[in-house]
Amino acid sequence: MLLNASGCLDALTAPDVARALDAFVTKTVTPLPRDGNTPVRIAETDVGMLNSIGLANPGIDRFVTRNLPRLGELGVPIWVSVGGFETDDYAEICSRLDDHAEVSAIELNVSCPNVEAPAESAAQIVAAARLATRKPLWAKLSPAVPDIAEVARAAQAAGADGLSLVNTIRGLKLDARTLRPVLGPGQGGLSGPALRPIALAAVATCYRATQLPIVGMGGVQNGLDALELIAAGARHVALGTILFADPDAPARVRAELHTAGAERGWRAYEDAYAVAHEEALSVGTTLDDRSSL
Amino acid sequence: MRRERLKVVAGEEVGPYTLVRIERGGLDPGAPGQFFMLEAPGRLLPRPMSLCLAPRGELAFLIDPIGPGTRALCAMEPGDHLQVLGPLGNGFRLELDRPLLVGGGIGVAPLPHLSEALKQPPAVLGFRSEWHAQAAELVPNAQTCVEPTLVTQLIPEGMDVLACGPEPMLEAVRAVAPDAQLAWEAPMACGYGACYGCAVEIDGELKRLCVEGPVLCAA
Ligand SMILES: Cc1cc2nc3c(=O)[nH]c(=O)nc-3n(C[C@H](O)[C@H](O)[C@H](O)COP(=O)(O)OP(=O)(O)OC[C@H]3O[C@@H](n4cnc5c(N)ncnc54)[C@H](O)[C@@H]3O)c2cc1C
Ligand code: FES
């Protein structure tokens, strides 16, 4: 499946872009409405971008009464990204979403770099959410931890059905003239191509640690980038920053993914799932040999 | 909203600015005050630009080379290609009795297209230097001033003001013409409501300028 990364698309403003995906992931919803951080909230860096949006969202009440019914009419499966400041926040929102048929899955944003949260452990949040809903639960993890395999295993033990990898990591940009931070709050979350090798490593590590289904994301620009995430162990791929530059990216990446898979000898690109973990092709084996298998 | 890969026709110097003319392809030029996202060669994110002129079969943008993205755009050669998305946002309201265009610096960019649509109403333009003021050539019926004179000193009473320029100028215009339509700027990553980077306070709430604006009513 091809999805968007949470916070990288508004399906109500750009419904056609959302419909080009296999599922739409909402911006993170919190218990109360949030305006988000003060501007400036985005800045381009050398090989990525920083954002400090700060979980701007209408809050769960307005989300459920106003946004969800309209999202349900889009004809695309809806995943709701859920955030909070303590474990109870996540549990409360999950139970509110539980009997809404429009919601296909819940992604637990346990790792937003833009909110100063008391760091409840990912596993505690997943466990609380698990008691509150029967919906499939995907835990979105940060790669900025000493051992992501440990976090992934704990999330699995707490009842996560899958993992979303990875969230942005903290970065800072200074104005070249004033040497002061460009972003209003100072630091922000780094996304884009700079994140891609980090995302690949996290996907490969968590695949080995848990074998849970994974939505891979981080810097995907084209079909080959998506294929690499699949090869590292991602079942699904989400598009993030590329959607800002190219609203036609869903259809383009999907087409490139088929081509990139076929060029490497895979009948369907899904067949490349986790091949990065197989033994390397023996010396002397060429791509052509592989294609003729 | 449509995205196409289009060919650069020409880049013409206008004082410190460059008028980048691009083949129109299948894109609609939109209403004056609307903008396009232009791929900036070598950069990750596109850059928002107001449409300056819509010559037959072309789209033209007046660009101030202030940073890496705008410098790359100004350096494009005829025959180069770039991705263009648009038209985006909300433009100026045009049913007005006594329109007056007010522009400051690179804020003159959307005024030539607007002037055409309003049948060349009077305009007052302010610039930092005589060199910058060469951009006034693009706006018919314009009275020009150079710092330390400010455009706000040239605005007569009782006019329907349509303005674009730096934030301090827009604030000053708003003070003398409370009903003015003002074209604002904010850093934009996407231009179509996806990134929430362009949020500004509108009616006491943070709203996305690319969706609600960039032209807003002062009142
Ligand atoms: C709706 C809209 C229409 C615009 N129309 C035009 C136009 O017709 N012609 C034109 O030359 N420019 C226009 N701009 C501004 C232009 O988009 C920015 O100058 C450009 O994005 C800067 O990119 P850069 O890579 O050159 O510089 P950057 O390195 O991105 O920025 C250089 C400096 O400018 C600041 N900056 C960047 N973007 C903005 C912004 N949007 N508002 C205020 N400060 C900013 C940065 O903080 C930095 O200090 C428009 C902006 C908007 C939002
Ligand atoms: S520029 Fe992305 S939401 Fe406005």
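Please read these numbers as outputs of a predicted model, since none were measured by experiment.

Criteria and cut-off values
Residues numbered from 1 in each chain as written. Chains lettered and ligands numbered in written order. Predicted model: local features only at pLDDT ≥ 70, side-chain atom pairs only at ≥ 80, totals over all residues. Heavy atoms only, no water. Helix = DSSP H or I, 4+ residues; strand = E, 2+ residues; numbered from the N terminus. Rg over C-alpha atoms; globule rule 2.2 N^0.38 Å. Buried < 20%, exposed > 50% of the residue type's maximum accessible area, 1.4 Å probe, protein only. Contact = heavy atoms within 4.5 Å. Areas by Shrake-Rupley, 256 points an atom, 1.4 Å probe, with all protein chains shown as cover. Lys, Arg positive; Asp, Glu negative; His and termini not counted. Charge placed at Lys NZ, Arg CZ, Asp CG, Glu CD. Core = buried A, V, L, I, M, F, W, Y, C linked by side-chain atoms within 4.5 Å. Domains from an automatic or database assignment. 1 Å grid on protein atoms, 1.4 Å probe; cavity = no way out; pocket = protein on both sides within 12 Å on 5 of 7 lines; lining within 4 Å. Points joined across faces, edges and corners; volume = space filled by probe spheres on them. Nonpolar A, V, L, I, M, F, W, Y, C, P; charged D, E, K, R; others polar. Arc of directions from axis to C-beta. Polar contact = N/O pair within 3.5 Å; in protein donor to acceptor, adjacent residues only side chain to side chain. Disulfide = S-S within 2.5 Å. Axes fitted to C-alpha atoms, helices over the stretch in contact; angles between N-to-C directions. Parallel < 35°, antiparallel > 145°, perpendicular 65-115°, else oblique. Left-handed = near helix turned anticlockwise from the far one by under 90°. Pairing = 2+ DSSP bridges. Buried area = accessible area lost by both parts, 1.4 Å probe. Salt bridge = Lys/Arg side-chain N within 4 Å of Asp/Glu carboxyl O. Near = heavy atom within 4 Å. Sits in = over half its atoms within 2 Å of the grid points.

A.B. asks: With reference to specific residues and values, describe the overall build of chain A.
C.D. replies: Of regular secondary structure, chain A possesses 10 helices and 12 strands. Taking 293 residues into account, the globule formula puts the C-alpha radius of gyration at 19 Å, and chain A, at 19 Å, falls close to it. Burial analysis of chain A (293 residues in total) assigns 55% to the buried set. Within chain A, residue pairs in contact and separated by at least 24 positions form 71% of the contacts whose partners lie at least 6 positions apart. As presented, chain A carries roughly 12300 Å² of accessible surface, and 53% of it is formed by carbon and sulfur atoms. Across chain A, 25 positive and 34 negative side-chain charges occur, with their mean positions spaced 3 Å apart.

A.B. asks: Which residues make up the nonpolar core, and what are the values?
C.D. replies: In this structure, Leu9, Leu97 and Leu163 of chain A together with Val102, Val161 and Tyr192 of chain B are the most contacted members of the largest nonpolar core, which totals 130 residues. The element contributing the most residues to this core is helix α4 (residues 122–132) of chain A, with 7 residues. Of the domains in this structure, domain 1 (2–88) and domain 2 (99–217) of chain B are the two that each give at least three residues to this core. In this structure Val161 of chain B touches Leu100, Val102, Ile155, Val173, Ala177, Ala180 and Gln181 of chain B, once residues within four positions along its chain are discounted. In terms of nonpolar packing, the next biggest core, distinct from the first, is built from 26 residues, Val108, Ala136, Leu138 and Leu162 of chain B among them.

A.B. asks: Lay out empty space enclosed by the protein with the relevant residues and their values.
C.D. replies: Residues and elements named next belong to chain A. Within this structure, the stated rule accounts for 2 cavities of 30 Å³ or more. What the largest cavity holds in volume is close to 490 Å³. As for the largest cavity, its lining consists of 34 residues, of which Ser6, Cys8, Asn51, Asn167 and Thr168 are closest to the centre. Those elements that provide at least two residues to the lining of the largest cavity are β4 (48–51), β12 (236–239) and α8 (242–245). Residue classes in the lining of the largest cavity are distributed as 17 nonpolar, 15 polar and 2 charged. As for the second largest cavity, its lining consists of Leu3, Asn4, Ala5, Ser6, Val25, Trp79, Glu107, Ser164, Val215, Met217 and Ala238. Of the residues assigned to the lining of the second largest cavity, the class counts are 7 nonpolar, 3 polar and 1 charged.

A.B. asks: Give me the lowdown on helix α5 (residues 148–157) of chain A, citing residues and values where you can.
C.D. replies: Residues and elements named next belong to chain A. Among the residues making up α5, those that are buried are Ile148, Ala149, Ala152 and Ala155. End-on view of α5: buried residues confined to an arc of 125 degrees, all on one side of the axis. Exposed side of α5, more than 90 degrees from the buried face: Glu150 and Ala157 are the residues found there. Where α5 is buried, its residues touch α4, β7 (137–141), β8 (162–165) and α6 (196–210). At the N-terminal boundary of α5, the capping side chain belongs to Asp147, with an oxygen 3.1 Å from the backbone nitrogen of Ala149.

A.B. asks: Can you lay out the state of the cysteines for me, pointing to particular residues and giving the numbers?
C.D. replies: Residues and elements named next belong to chain B. The full count for this structure, using the stated rule, is 0 disulfides over all chains. Left without a disulfide partner, Cys164 is nearest to the cysteine sulfur of Cys52, which lies 11 Å away. On the accessibility criterion, Cys164 (10% relative accessible area) is buried.

A.B. asks: For the packing of helix α2 (residues 59–72) of chain A against helix α3 (residues 87–98) of chain A, give the residues involved together with the corresponding values.
C.D. replies: Residue and element names in this part refer to chain A. One can describe the packing of α2 onto α3 by two numbers: an axis separation of 11 Å at closest approach and a directional angle of 25 degrees. Judged on the interaxial angle alone, α3 and α2 are roughly parallel. For the crossing formed where α2 meets α3, the hand is right-handed. Touching Ile60, Asp61, Phe63, Val64 and Leu68 of α2 are Glu92, Ile93, Arg96 and Leu97, all from α3.

A.B. asks: Mind laying out the pairing of strand β10 (residues 187–191) of chain A, listing which residues take part and the relevant values?
C.D. replies: Residues and elements named next belong to chain A. Most of β10 is tucked away, with 4 of its 5 residues classed as buried. Two strands pair when backbone bridges link them, and β4 and β10 are joined in this way by 3 bridges, in the antiparallel orientation. When the sheet's bridge partners are listed, Asn51 is paired in β10 with Gly189. Judged from the 4 bridges that link them, strand β9 (residues 169–172) and β10 form a sheet pairing that is antiparallel. From the neighbouring strand, Ile169 faces β10, where its bridge partner is Leu190.

A.B. asks: Tell me what's going on with the environment of Ala209 of chain A, and back it up with residues and numbers.
C.D. replies: Residues and elements named next belong to chain A. Mapped onto the secondary structure, Ala209 falls in helix α6. In this structure Ala209 comes out as buried when scored by relative accessible area, which is 18%. Setting aside its immediate chain neighbours within four residues, Ala209 contacts Ala149, Arg153 and Gln156.

A.B. asks: So what's going on with the interface of chain B and chain A? Which residues, and what values?
C.D. replies: Each side of the interface is counted separately: chain B has 22 residues, and chain A has 28 residues. Carbon and sulfur atoms make up 61% of the surface buried where chain B meets chain A, a total of about 2200 Å² over both sides. The tally of links between chain B and chain A comes to 4 salt bridges. One salt bridge in this structure joins Glu44 of chain A and Arg47 of chain B, with 2.8 Å as the shortest N-O distance. Our enumeration of links across chain B and chain A arrives at 10 residue pairs in polar contact (both at pLDDT 80 or more). The residue inventory of the side of chain B that touches chain A, partitioned by class, reads 16 nonpolar, 2 polar and 4 charged.

A.B. asks: Give me the lowdown on the domain arrangement of chain B, citing residues and values where you can.
C.D. replies: Residues and elements named next belong to chain B. According to the domain assignment, chain B consists of domain 1 (2–88) and domain 2 (99–217). With 24 residues of domain 1 in contact, the opposing surface of domain 2 contributes 24 residues. Across the domain 1 to domain 2 interface the summed buried area is about 2000 Å²; carbon plus sulfur atoms make up 73%. Along the contact surface separating domain 1 from domain 2 lie 0 salt bridges.

A.B. asks: Account for the sheet that holds β7 of chain A, naming residues and giving values.
C.D. replies: All names here are of chain A. Spatial strand order, β1-β12-β11-β8-β7-β6-β5-β2: 8 strands in an open sheet with parallel pairing. Strand pairing shows two members of the sheet lacking a second neighbour, β1 (2–4) and β2 (24–25), which therefore form its edges. Docked against the sheet, α5 engages β7 and β8, running at close to 160 degrees with respect to β7.

A.B. asks: Describe the site of ligand 1, listing the residues and the values that go with them.
C.D. replies: As a structural note, the neighbourhood of ligand 1 is formed by 21 residues, with Arg47, Pro48, Leu62, Gly69 and Thr70 of chain B the closest of them. Surrounding ligand 1 is a set of residues that belongs to chains A and B. Gly69 of chain B has a polar backbone atom sitting 2.6 Å from an oxygen atom of ligand 1. The separation between a nitrogen atom of ligand 1 and a polar main-chain atom of Ala186 of chain B is 3.1 Å. Burial of ligand 1 by the protein amounts to 76% of the accessible area it has alone, namely 880 Å². With respect to the detected pockets, ligand 1 is housed in the largest pocket.

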